[in-house]
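# Notes for the structure review
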Amino acid sequence: MKSVLFCNLPYAFGILEPLANELKARGFEYIWYVPKEIESEFKLKEAYTTSIKELESFKSDAIFVPGNSVPYWLRGVKVQVFHGLAGEKKGHFRIRDYFDLYLTQGPYFTKKFNELKAKHKNFEVTETGWCKLDKLFNIEQSVIDRKKSLLEQSGAKNIILYAPTFSPTLTSATALKDTILELSKDKDNLVIIKFHDKMADELKELYIKLQSQNLLILDDKDITPALQIADIMISDTSSVVYEFLLLNKPVVTLNSISENIKWVNFNDSKKLYNEVINILQGVDSFKKQREQIIKLYHPYSDGKSSKRAVDAIQKYIAKNGVPNKRKLPLLRKLKNLKEFKS
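### A look at helix α3 (residues 107-120)
Under the 1.5 Å per step criterion, the end-to-end length of α3 is 20 Å for 14 residues, consistent within 8% with the ideal 20 Å. What α3 keeps buried is the set Y108, F109, T110, F113 and L116. Residues of α3 that are buried sit in contact with β6 (101-104), β7 (124-127) and α11 (287-297). Just downstream of α3, K121 is the residue with a positive phi angle, here 60 degrees.

### Regarding helix α1 (residues 11-25)
At 3.6 residues per turn, the α-helix brings residues three or four places apart onto the same side. At E17, α1 shows its maximal bend, which comes to roughly 35 degrees, and the proline P18 appears one to four places after that position. Every buried residue of α1 is listed here: A12, F13, G14, I15, L16, P18, L19, A20, E22 and L23. Count one or two residues on from α1 and you reach G27, which has phi positive near 80 degrees.

### Some thoughts on the side chain of K194
Tracing the backbone shows K194 in the loop between β9 (189-193) and α7 (201-208). A distance of 3.2 Å separates a polar side-chain atom of K194 from the backbone oxygen of D220. The contact partners of K194, leaving out residues within four places of it in the chain, are L161, Y162, A163, P164, L218, D220, K221 and I223.

### Examining the packing of helix α6 (residues 177-184) against helix α10 (residues 272-280)
Packing of α6 against α10 leaves a shortest axis separation of 10 Å and a crossing angle of 35 degrees. Seen along the crossing, α6 lies across α10 with a hand that is right-handed. Residues T179, E182 and L183 of α6 form the contact with α10, whose participating residues are L272, Y273, V276 and I277. When the residues that make up the contact of α6 with α10 are grouped by side-chain class, the tally is five nonpolar, one polar and one charged.

### Remarks on the sheet that holds strand β13 (residues 264-266)
The parallel open sheet is built from six strands, whose spatial order is β10-β9-β8-β11-β12-β13. Looking at strand neighbours, the two that pair on one side only are β10 (215-217) and β13, the edges of this open sheet. Across the sheet, the mean angle from the axis of one strand to that of its neighbour is 20 degrees, orientation sign disregarded. The sheet contacts of α6 involve β8 (158-162), β9, β10 and β11 (232-235), and relative to β9 the element is tilted by about 140 degrees. Against the sheet, α10 engages β8, β9, β11, β12 (251-254) and β13, with an angle of about 175 degrees to β12.

### Structural notes on the pairing of β9
Of all the five residues making up β9, five are buried; the element is thus mostly covered by neighbouring parts of the structure. The two faces of β9 match: N189, V191 and I193 on one face and L190 and I192 on the other face are all buried. Looking at chain direction, β8 and β9 are connected through five bridges and run parallel. When the bridges of β9 are listed, Y162 appears paired with I193. Following the chain from β8 across α6 to the adjacent parallel β9, one finds a crossover that is right-handed. Examined bridge by bridge, β9 and β10 share three bridges and lie parallel to one another. Bridge pairing in β10 links I193 to I217. In this view, the connection linking β9 to its parallel neighbour β10 by way of α7 has right-handed handedness.

Rules used in this analysis
- Residues numbered from 1 in each chain as written.
- Predicted model: local features only at pLDDT ≥ 70, side-chain atom pairs only at ≥ 80, totals over all residues.
- Heavy atoms only, no water.
- Helix = DSSP H or I, 4+ residues; strand = E, 2+ residues; numbered from the N terminus.
- Expected span 1.5 Å × (residues − 1).
- Buried < 20%, exposed > 50% of the residue type's maximum accessible area, 1.4 Å probe, protein only.
- Contact = heavy atoms within 4.5 Å.
- Bend = angle between axes of the 7 residues up to and from the residue.
- Polar contact = N/O pair within 3.5 Å; in protein donor to acceptor, adjacent residues only side chain to side chain.
- Axes fitted to C-alpha atoms, helices over the stretch in contact; angles between N-to-C directions.
- Left-handed = near helix turned anticlockwise from the far one by under 90°.
- Nonpolar A, V, L, I, M, F, W, Y, C, P; charged D, E, K, R; others polar.
- Pairing = 2+ DSSP bridges.
- Right-handed = clockwise from strand over helix to strand, strands pointing away.

Here it is in structure tokens:
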């Protein structure tokens, strides 16, 4: 089976890397697609192309896509693997007609996409778990060592991860600046900040000026190691909240619009500091609710979602064959051509 790992944005590398490892382990041929605009950020020593024309010549059997679109005329089953777990975000359940197969993360998503499948009747749905999270559940020794080193260097006991979303209407970055600074002034706390790739530069600058021994900004493209080393997360309406919850660790958010809030959420930023301190001192009132989220959103902690994904695409091809292109409505086709034809 020949596959394309289709990456339009830097965050897609971390999502698809476990899938690449699974394809490699099975001896399947694959190639990464990386647009020229982000080519410098592709650090994996693997075959890739920046050319859609090369993908046409490659003649893939499957195309794995974390983003919202993919050239409809490329050969291969077009597989949506998703770029987050926040179903309440605008567009998460929007059917754009580009995909033959949706690989859902858990029952919450599977139910909704099966309802959409019954309506649209032009795609299949298989629940596999999210390939990105394979790495989350397989913590490497280097990550454990990094946490120990960071705590020793800062003299702290706890690691607080602040991971705000980039959306101007949803981000907490402005409202929580003073709170984040106050938390970092407590010698027991090391605050690490991981910004979304799309975060506005002016908001990043607010925090860059605050950096200290106990307040660090991570440059890592992959947030997974930060999730693994943190004891608590502060965020807002970011899909990464769900990733952190899957590790069964506490979260505090500001102004989250999630449909399934099973963590502490405030609408007043002034209340957040005391809640974080209370949690770090052992007051964890949302443990049972977190377990509900895990059951609904991603009940797979075995690190084998990529294996299930590859199994699912092989089963799909055995049943339906490999399409030479995807049928689209005319306006969608014209939009797709404009996006990818140079």
